[in-house]
Amino acid sequence: MALFAEVAVEAARGIARETYTYSVPEGLDVVPGHRVTVPFGRRSTYGFVVSLGTDDPGVETKSITTAGADPLLLPHQVELARLVADHYWLPVIEVIRAMLPPRVRSTGSAGSGASSRQTRHSRLLELALGPPPTPEPINLTAEQDAALEVIAGNASTLIHGVIASGKTEVYLAAAEQALAQGLRVLLLVPEISLTPQLVQRVRRRLDAPLALLHTQLTELERAQQWWRARRGDAQVVLGSRSAVFAPIPRLGLICLDEEGSAAYKQDRTPRYETGWVARRLASVTGAKLVMGSATPAVATYHEARQGTIALATMAHRVRGHDAEVELVDMRDEAAEGNRQPLSRRLVDAVTRTLDNEEQTILYLNRRGLATYVMCRDCGRSVNCLGCSVALVQHAEIGGLVCHYCGYARAMPSVCDHCGSRNIRALGMGTQRLEGMVKRLWPQARVLRLDSDIARGPDSYFRVWEAFSERRADILVGTQLVTRGLDLPAVTCVGVVDADLPLHFPDYRSAENTFALVAQVAGRAGRDGRASMVIVQTSNPEHYALRAAADGDYEEFYAAELPARKAFVFPPFAELAVLTRTDRDDGKAAAAAREAADSIASGLLKDRIDGIRVMGPSPAFIHRLRAEYRWQVTLKGDRLERARHLAPKGKDWSYDIDPTT
């Protein structure tokens, strides 16, 4: 009997068709998940088998040429790829690409054996694969034991625990139980900067081989770690966003730490949200899912309150106590003559901390030296040639850089528009803040942690190691310093500009503001010493900042939910943003307008109710990498009903469940 395979073909990326049918030659053993080589047009390419069948397709088919010895993807991964592709309106090949490291995807075997040319490992891998540290006995608290019982009795659990309540110990205790049953464990964190200390804790608690997966490993290391997971050599897989696609046989437990973090959303195709994928991964494998955070997403917490997922509450710290949080009104500072970015209250607090030989974290979610360069005479800023954003001054290149496309130029001496020499660098990023800190406290040892610093495979590790070993006094950083870091000597935290997230055109702006302030405030007071958090703002009356200062998530949730309901935002609706790009602004706008009209007409014709079409409107960053962007937004229930109405073509992209 003839056998036919549906193959997701690499060379067909960008073509609307999902899969292509090929005949399976006699004697060739393939199953879903196999990497195969196939003829495609006049060339040969590779693809992945997603299904098999005996039904004749009714057309002439070409034969699969070769197949790997074993399937690269596990059966549950093929099923997961289908679910993710359907939800995010993607060809399945795009999801499969995300499941495989580049070297494995392109060769089918790279990284599967020892490499004679490999001379070093990333420091974090050395920590993960080295001799295990001395185990530490752990006695769980009553709240931790209660959370474990909730996990044992439910498929999905949200642990809402205050900062330092011991959520990680609950994950590890649940992992011990899963490992004892012969199952494997996946631990997910939102930021690469959180992994060093988590690796240490996992090694101390779990007597099991570990694999590490994240994008800052070298390509060879990623392939090697992927194979350790695929072969079952690793019983615990730890990683950031992309690790949710790790090939883990006999998966029994998935832990999603810091649920709700914006870092879990992928900003390039496929634009998946890790929490959503983790839920589907749990459903197709039967694994238990545990999500935890002091600041969970409003939509997730709403589900827990409604009983859709189980809720375990941990309201008390295991050690230490909450730091005192003070909102400093920067309008008052300006009125009293202080025009500097740091308030007198924050300067005093940092000085006192240094005198006490303790540590400080200063948080500012803008990198660079100056955030824009402006002519004081004509008022125009120096913008990127290909993006509608201001260039950011960076000390390391001695010039200006676009954070979106990488365009760089020298600092101009005169204005490009009016020729004036009255041109100034304004605003402040982490580089300028670092320089200011060094001038204010010349005796202090200062480190900076942002994405400019954390580019190399070991850069973030070196910063974390130096600060955790108290070889620095002040750490200046972006959101990389806000979550998860457990540093007992930190007794002072300064939020330099708490208002920045509030100004973004984002329905989650208040949620992000609350989470960032509450999380960075939680870095202080970890070992019981008196601690202070200074939050600088021009909006001290805003409910998100008041609730963050109080450390009260319920207060924030109660204030935020009515607005979400009134304006029909998640959890009360789903969102999809369809973006049209073109080098011609008029063409992009016209195509978006035509698409909006076509979708609205299609919804009426097909009698699909409960979905609203909004736009078209220019994207927040209207011009990006020399292309103009116009967007059509869909809002409503079960948006997959409108997928067939979405415009097709390589100039369109979809963002389902956008976070902005």
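Treat the numbers as computed from the prediction; the structure is a model and nothing was measured. (Residues numbered from 1 in each chain as written. Predicted model: local features only at pLDDT ≥ 70, side-chain atom pairs only at ≥ 80, totals over all residues. Heavy atoms only, no water.)

Draft legend 1. Highlighting the packing of helix α10 (residues 298-306) against helix α17 (residues 553-566). Following both chains from N to C, one finds α10 and α17 inclined at 100°, their axes separated by 11 Å at the closest point. As the angle between them shows, α10 and α17 are arranged roughly perpendicular. Facing V298, Y301, H302 and R305 of α10, the residues of α17 in contact are Y553, E554, F556, Y557, E560, L561 and R564. Taken together, the residues that form the contact of α10 with α17 break down as six nonpolar, one polar and four charged. (Axes fitted to C-alpha atoms, helices over the stretch in contact; angles between N-to-C directions. Helix = DSSP H or I, 4+ residues; strand = E, 2+ residues; numbered from the N terminus. Parallel < 35°, antiparallel > 145°, perpendicular 65-115°, else oblique. Contact = heavy atoms within 4.5 Å. Nonpolar A, V, L, I, M, F, W, Y, C, P; charged D, E, K, R; others polar.)

Draft legend 2. A look at the pairing of strand β11 (residues 288-293). Within β11, five of the six residues are buried, leaving the element largely enclosed by the surrounding structure. Pairing geometry for strand β6 (residues 156-161) and β11, over five bridges, is parallel. Along β11, the bridge assignment pairs I159 with G292. Bridging between strand β10 (residues 251-257) and β11 involves five bridges; their strand directions are parallel. Its bridge partner being in β11, D257 is matched across the sheet by G292. Remark: the β10/helix α9 (residues 274-285)/β11 crossover connection has right-handed handedness. (Buried < 20%, exposed > 50% of the residue type's maximum accessible area, 1.4 Å probe, protein only. Pairing = 2+ DSSP bridges. Right-handed = clockwise from strand over helix to strand, strands pointing away.)

Draft legend 3. Just helix α18 (residues 585-605), in detail. Its 21 residues give α18 an end-to-end C-alpha distance of 30 Å, which sits within 8% of 30 Å, the value for a rise of 1.5 Å per residue. Check the buried side of α18 and you find it contacts β24 (574-582), β25 (611-624), β26 (627-636) and β27 (652-656). Capping the start of α18, D584 holds a side-chain oxygen 2.8 Å from the backbone nitrogen of G586, two or three residues further along. At the exit of α18 stands R607, carrying a positive phi of roughly 55°. (Expected span 1.5 Å × (residues − 1). Polar contact = N/O pair within 3.5 Å; in protein donor to acceptor, adjacent residues only side chain to side chain.)

Draft legend 4. Region of interest: the pattern of salt bridges. Summed over the entire model, instances satisfying the criterion amount to 32 salt bridges. Linking E554 and R305 is a salt bridge whose minimum nitrogen-to-oxygen distance equals 3.0 Å. Taken together, the residues E554 in helix α17 and R305 in helix α10 connect sequence positions 249 residues apart. Of the residues examined, E554 reaches a relative accessible area of 34% and is grouped as partly exposed. For R305, a relative accessible area of 44% translates into the label partly exposed. With its nearest N and O atoms 3.4 Å apart, the salt bridge here joins R344 to E333. Remark: E333 occurs in helix α11 (residues 330-335) and R344 occurs in helix α12 (residues 344-355); sequence separation between them is eleven residues. For R344, a relative accessible area of 38% gives the class partly exposed. (Salt bridge = Lys/Arg side-chain N within 4 Å of Asp/Glu carboxyl O.)

Draft legend 5. Inspection of the environment of W652 at higher detail. Of note, W652 is situated in strand β27. Here W652 is in contact with L578, T579, R580, A591, A592, A595 and P647, once residues within four sequence places are set aside.

Draft legend 6. Local environment of unusual backbone geometry. With an omega of 15°, the peptide bond running from P570 to P571 counts as cis. In this structure, P571 sits in the loop between α17 and β24. Cis geometry is found at the peptide bond from G615 to P616, where omega equals 10°. Within the secondary structure, P616 is located in strand β25. A positive phi angle, close to 60°, is found at R470, a residue other than glycine.

Draft legend 7. Seen up close, the side chain of Q144. Assignment of secondary structure puts Q144 in helix α5 (residues 142-152). Of note is the side chain of Q144, whose polar atom sits 2.8 Å from the backbone nitrogen of T141.

Draft legend 8. Highlighting the nonpolar core. Ranked by size, the top nonpolar core spans 146 residues in total, and within it I96, L186, V202, F245, I254 and L634 carry the most contacts. Apart from residues lying up to four places away in sequence, V202 is in contact with L172, L187, L210, V236 and L238. M330, A349, V476 and M532 belong to the second-largest nonpolar core, a separate cluster that totals 22 residues. (Core = buried A, V, L, I, M, F, W, Y, C linked by side-chain atoms within 4.5 Å.)

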